[in-house]
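# Chain and residue survey
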Amino acid sequence: MRAAARADGGRPQDQRFLGSVVWPLIEGCCLVHDSAHEGHGLPFPDVPIDARFAFTHVGACVKVV
């Protein structure tokens with residue numbers, strides 16, 4: 001991780017690391033529920049979501065004011 005980390009890497013640096021280093025290692029042996037990228041894994045089961053959060057996704061950071 002230290003070799004991949006850059007001081008100027010910006011906010012999506014973690015996603016680039018996951019995509020280029022981690023994903024190739026686990027791609028063939030993991031279960032993926034992805035409603036955003038059709039063709040990847042299995043659709044996420046329908047889950048009742050409070051209408052206030054219908055705009056977001058599981059795992060998103062939501063700031064409630």
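### Side note on the overall build of the chain
Helix and strand content of the chain: one helix and zero strands. Summing over all exposed atoms, the chain offers an accessible surface of approximately 6200 Å²; the carbon and sulfur share of this is 60%.

### Some words on helix H1 (residues 13–26)
Across its 14 residues, H1 extends 19 Å between first and last C-alpha, which sits within 8% of the 20 Å expected from 1.5 Å per residue. Remark: the principal bend of H1, roughly 35°, maps to Gly19.

### Overview of a nonpolar patch on the surface
A contiguous nonpolar patch, built from Val21, Leu25 and Ile26 and spanning about 270 Å² of accessible area, is present on the exposed surface. When you line up the elements, Ile26 lands in helix H1.

### Some words on the state of the cysteines
Summed over all chains, the structure comprises zero disulfides. Cys29 takes part in no disulfide bond, and the closest cysteine sulfur to it belongs to Cys30, at a distance of 6.1 Å. With relative accessibility at 60%, the residue Cys29 sits in the exposed group.

The rules behind each value
Residues numbered from 1 in each chain as written. Predicted model: local features only at pLDDT ≥ 70, side-chain atom pairs only at ≥ 80, totals over all residues. Heavy atoms only, no water. Helix = DSSP H or I, 4+ residues; strand = E, 2+ residues; numbered from the N terminus. Areas by Shrake-Rupley, 256 points an atom, 1.4 Å probe, with all protein chains shown as cover. Expected span 1.5 Å × (residues − 1). Bend = angle between axes of the 7 residues up to and from the residue. Patch = residues over 30% accessible without salt bridge, like charges linked within 9 Å, V, L, I, M, F, W, Y side chains within 5 Å. Salt bridge = Lys/Arg side-chain N within 4 Å of Asp/Glu carboxyl O. Disulfide = S-S within 2.5 Å. Buried < 20%, exposed > 50% of the residue type's maximum accessible area, 1.4 Å probe, protein only.

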